Amino acid sequence: MLLIDASVYIFRAFHALPDSITGRGGRPLNAVHGYATFLTGLLEQVDDDQIAAAFDESLTSSFRNEWFADYKANREAPPAELVDQIAACRELTEGLGIATLSSPRYEADDLIGSLAAGAQAPVTIVTSDKDLAQLLGTSDVLWDYAREARYDRQAIQARFGVVAEHIPDYLALVGDAVDNIPGVPGIGAKTAAALLARFDSLETMLADLEAVRDSGLRGAKSLAGKLDTHAEQARLSRRLAVIVIDIELEPAQRDIRRRAANLERLDALCQAIGAGHRLRRQLGLSEYKEANP
């Protein structure tokens, strides 16, 4: 099973490619071109028969905003020249035979988590988002495609100093500037890893601050004070960082069998957005167009 965090690669393409890449009427197509390059290149390298791409549509409407109004408040809304391209990227994904999912309440991470939790085979998650590492089981892999890096559980532990399932506890301590998760001020990555190596979880250390003071860790007394002062903030941060794995998906949403590309649908998309020959060739439409002038 291959699960794609699509929005990451759409935003990456939008910011990496010049807005001079346009379609009919000067419509920006830089994100579409970059995302198409990513997705077609990815599909050439895999033979998974179950593939899904999850899209974010809950930037301000996630259930997490009910717990913390400032969750992701540091992110600007997608500019108008990107919004239309996101819809085109989703249409392109489905045209290539890949199932897509989104939700106004749950984030792409949660949709991926809920699909992964029901998987009967090893899962590969395509993303650059470290949060998703918490989902990795024994045979699963996080594939940071743009950096050509793959991480299994052992590699995640080597990179962050904590086991995969402790990523939410780790983020509860260090915070996450990308998602505006506050964490505990004054606790960095190395200290968080050292604490979680000594204590089983965030709750374990919060329940026994005396043990933290006596832990022998550098600045132990100060650490205990920080945890005591920011205990509820740490708990909230962990709650925000935990990915939901039990969304009640409809049977149709769980049907992520890879299908053949729908060239007619892709051709209609290219016509609608005024795509040129380069994108058409990338999507395998050159021969189709000749046969269907």
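Please refer to the structure placed before this passage.
Everything numeric in this text was worked out from a predicted model, so none of it was measured.

1. Notes on the packing of aromatic side chains
Logical step 1: Summed over all chains, the structure comprises 7 aromatic pairs.
Logical step 2: Where Phe63 meets Trp67, the ring centres are 5.1 Å apart and the plane angle is 80 degrees; that geometry is what we call edge-to-face.
Logical step 3: Judged by relative accessible area, which is 7%, Phe63 ranks as buried.
Logical step 4: Seen from their ring centres, Phe63 and Tyr106 are 5.4 Å apart, and the 55 degrees between their planes marks the pair as tilted. Residue Phe63 is found in the loop between strand 2 (51-54) and helix 3 (64-67), and its partner Tyr106 is found in the loop between strand 3 (99-101) and helix 5 (108-117); the two are separated by 43 residues along the sequence.

2. Details of unusual backbone geometry
Logical step 1: The backbone of Lys72 sits at a positive phi, close to 60 degrees, despite the residue not being glycine.
Logical step 2: Within the secondary structure layout, Lys72 lies in the loop between helix 3 and helix 4 (80-95).
Logical step 3: Of note in the backbone geometry, Asn180 takes a positive phi value of approximately 60 degrees without being a glycine.
Logical step 4: Among the secondary structure elements, Asn180 is positioned in the loop between helix 7 (167-174) and helix 8 (189-198).
Logical step 5: Since its relative accessible area comes to 26%, Asn180 is described here as partly exposed.

3. Regarding the pairing of strand 1 (residues 2-5)
Logical step 1: The alternating pattern of strand 1 places Leu2 and Ile4 and Leu3 and Asp5 on opposite faces, both of which are buried.
Logical step 2: Where strand 1 and strand 2 come together, 4 bridges link them in parallel fashion. By the bridge assignment for strand 2, Ile4 is matched with Ala53.
Logical step 3: By the bridge criterion, 3 bridges tie strand 1 to strand 4 (residues 124-126) in an arrangement that is parallel. Of the residues in strand 4, the one forming a bridge with Ile4 is Val126.

4. Here we look at the sheet that holds strand 6 (residues 149-151)
Logical step 1: If you trace the 6 strands from one edge of the open sheet to the other, you get 3-2-1-4-5-6, paired in mixed fashion. Both outer strands of the open sheet, strand 3 and strand 6, are each paired with one neighbouring strand and no more. For this sheet, the mean inter-axis angle between neighbouring strands, taken without regard to orientation, is 25 degrees.
Logical step 2: Seen against the sheet, helix 5 touches strand 1, strand 2, strand 3 and strand 4 and runs at an angle of roughly 175 degrees to strand 1.

5. Examining helix 6 (residues 153-160)
Logical step 1: The N-capping residue of helix 6, defined by a side-chain oxygen 3.2 Å from the backbone nitrogen of Gln154, is Asp152.
Logical step 2: Immediately beyond the C-terminal end of helix 6, within one or two residues, lies Gly161, with a positive phi of roughly 80 degrees.

6. Quick look at the packing of helix 1 (residues 6-16) against helix 4
Logical step 1: Where helix 1 contacts helix 4, the two axes come as close as 11 Å, and the packing angle between them is 135 degrees. Taken together, the axes of helix 1 and helix 4 are oblique relative to one another. The hand of the helix 1/helix 4 crossing is right-handed. Counted together, Ile10, Phe11 and Phe14 of helix 1 and Glu81, Leu82, Gln85, Ile86 and Cys89 of helix 4 form the full contact between these two elements.
Logical step 2: Here the contact of helix 1 with helix 4 is built from residues that sort into 6 nonpolar, 1 polar and 1 charged.

Calculation criteria
- Residues numbered from 1 in each chain as written.
- Predicted model: local features only at pLDDT ≥ 70, side-chain atom pairs only at ≥ 80, totals over all residues.
- Heavy atoms only, no water.
- Phe/Tyr/Trp six-rings, centres within 6.5 Å; stacked < 30°, edge-to-face > 60°.
- Buried < 20%, exposed > 50% of the residue type's maximum accessible area, 1.4 Å probe, protein only.
- Helix = DSSP H or I, 4+ residues; strand = E, 2+ residues; numbered from the N terminus.
- Pairing = 2+ DSSP bridges.
- Axes fitted to C-alpha atoms, helices over the stretch in contact; angles between N-to-C directions.
- Contact = heavy atoms within 4.5 Å.
- Polar contact = N/O pair within 3.5 Å; in protein donor to acceptor, adjacent residues only side chain to side chain.
- Parallel < 35°, antiparallel > 145°, perpendicular 65-115°, else oblique.
- Left-handed = near helix turned anticlockwise from the far one by under 90°.
- Nonpolar A, V, L, I, M, F, W, Y, C, P; charged D, E, K, R; others polar.

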